[in-house]
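Observations on chain architecture
Chain by chain, the residues:
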Amino acid sequence: MAATHTHTGPDYSKDLYAYVSGPRASDGSDKTKPYAGRLIDGVTESIVRARAAMRPAKIETTVARQGTPVSFNRRFLLKDGSVKTWANFRDPSVVRSAGPIDPEVGFVLVRDAEKNTPLMTLTNFALHLDTVGGALWSADYPYWIEQSLREQLGSDLVSIFGTGCCGNINHVDPSREERNDTKTIGSALARTVIA
């Protein structure tokens, strides 16, 4: 299991609680939203399907250093000793970033033990999944990690992403006007783990 975080996924926590705790309307009908039930059923089904598909596998792990800058600390120490979020180096009161980033990319590759074919990957990197913006659902940059890995390792590959410690880490480079986009970030991370 791995933790993750997104700004472009469904907000289901209240509905999930209502679904699990079972409150019903006075007429006995279920007033919960359908996503909560689908979420529980989907997780359950994936566990059952995974168990049925079990076979011997071998696991390879590595930790790589992300070379292309895609993550940045969004808090800055100012000359007066205070800390400000969302500043940049053009601000004359900025001294430096208030903290580091974690440039390590953790990677797990699971291969079929007999055929040696890649089955799944887990990529872990400390960067908020908030690069898309807006109110639409999105897989954000892990989608582009998956697409790039599938090009190299096979179209049936299952790619999972886990978010590292990224409390104040985002995709906005404080030294530039333009922001890194989802494809740039995901493709860069995939190139790192493929290498």
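A few points on the structure. (Residues numbered from 1 in each chain as written. Predicted model: local features only at pLDDT ≥ 70, side-chain atom pairs only at ≥ 80, totals over all residues. Heavy atoms only, no water.)

**Some thoughts on the overall build of the chain**
Along its length, the chain carries four helices and nine strands. Its C-alpha atoms give the chain a radius of gyration of 21 Å, more than 25% over the compact-globule value 16 Å for 195 residues. Considered along the principal axes of its C-alpha atoms, the chain spans approximately 60 × 55 × 25 Å. Counting only contacts in the chain whose residues sit at least 6 apart along the sequence, the fraction spanning at least 24 positions is 65%. For the chain, the computed accessible surface area is about 12300 Å², with 54% contributed by carbon and sulfur atoms. (Helix = DSSP H or I, 4+ residues; strand = E, 2+ residues; numbered from the N terminus. Rg over C-alpha atoms; globule rule 2.2 N^0.38 Å. Contact = heavy atoms within 4.5 Å. Areas by Shrake-Rupley, 256 points an atom, 1.4 Å probe, with all protein chains shown as cover.)

**Brief notes about the state of the cysteines**
Note: disulfide means a covalent bond formed between the sulfur atoms of two cysteine side chains. Within the structure shown, the criterion is met by zero disulfides. The closest cysteine sulfur to the non-disulfide-bonded Cys-165 is located on Cys-166, 7.7 Å from its own sulfur. Residue classification places Cys-165 among the exposed positions, given a relative accessible area of 73%. (Disulfide = S-S within 2.5 Å. Buried < 20%, exposed > 50% of the residue type's maximum accessible area, 1.4 Å probe, protein only.)

**Observations concerning the pattern of salt bridges**
Any two side chains of opposite charge can pair, given that their charged atoms come close. Scanning all chains against the criterion turns up eight salt bridges. As a salt-bridge pair, Arg-176 and Asp-173 come within 3.7 Å of each other at their nearest N and O atoms. With relative accessibility at 10%, the residue Asp-173 sits in the buried group. Between Glu-178 and Arg-176 there is a salt bridge, and its shortest N-O distance comes to 2.9 Å. On the basis of relative accessibility, which here comes to 29%, the residue Arg-176 falls in the partly exposed class. A cluster of three or more residues bridged by salt bridges with shared partners is formed by Asp-173, Arg-176 and Glu-178. (Salt bridge = Lys/Arg side-chain N within 4 Å of Asp/Glu carboxyl O.)

**Describing the sheet that holds strand β6 (residues 104-112)**
Taking strand neighbours across the sheet as the criterion, the four strands line up as β1-β6-β7-β8 in an open arrangement whose pairing is mixed. Here the strands that pair on one side only, and so sit at the sheet edges, are β1 (57-65) and β8 (158-163). With direction set aside, neighbouring strand axes in the sheet form an average angle of 15°. In terms of strand pairing, β6 meets strand β7 (residues 118-125) through six bridges, oriented antiparallel. By the bridge assignment for β7, Phe-107 is matched with Thr-123. (Pairing = 2+ DSSP bridges. Axes fitted to C-alpha atoms, helices over the stretch in contact; angles between N-to-C directions.)

**Describing the packing of helix α1 (residues 13-21) against helix α2 (residues 34-52)**
Two numbers describe how α1 lies on α2: the axes approach to 8 Å, and their chain directions differ by 75°. Classified by the angle their axes make, α1 and α2 are roughly perpendicular. On α2, the residues that touch Asp-15, Leu-16, Tyr-19 and Val-20 of α1 are Ala-36, Gly-37, Leu-39 and Ile-40. Here the residues of the contact of α1 with α2 sort into six nonpolar, one polar and one charged. (Parallel < 35°, antiparallel > 145°, perpendicular 65-115°, else oblique. Nonpolar A, V, L, I, M, F, W, Y, C, P; charged D, E, K, R; others polar.)

**A few points about the sheet that holds strand β4 (residues 83-85)**
The strand order β4-β3-β5 describes an open sheet built from three strands, whose pairing is antiparallel. Two strands close off the open sheet at either side, each with one partner strand: β4 and β5 (94-97). Across the sheet, the mean angle from the axis of one strand to that of its neighbour is 35°, orientation sign disregarded. Relative to β4, strand β3 (residues 75-78) is paired through three bridges, and the arrangement is antiparallel. In the strand pairing of β4, Leu-77 is matched with Val-83.

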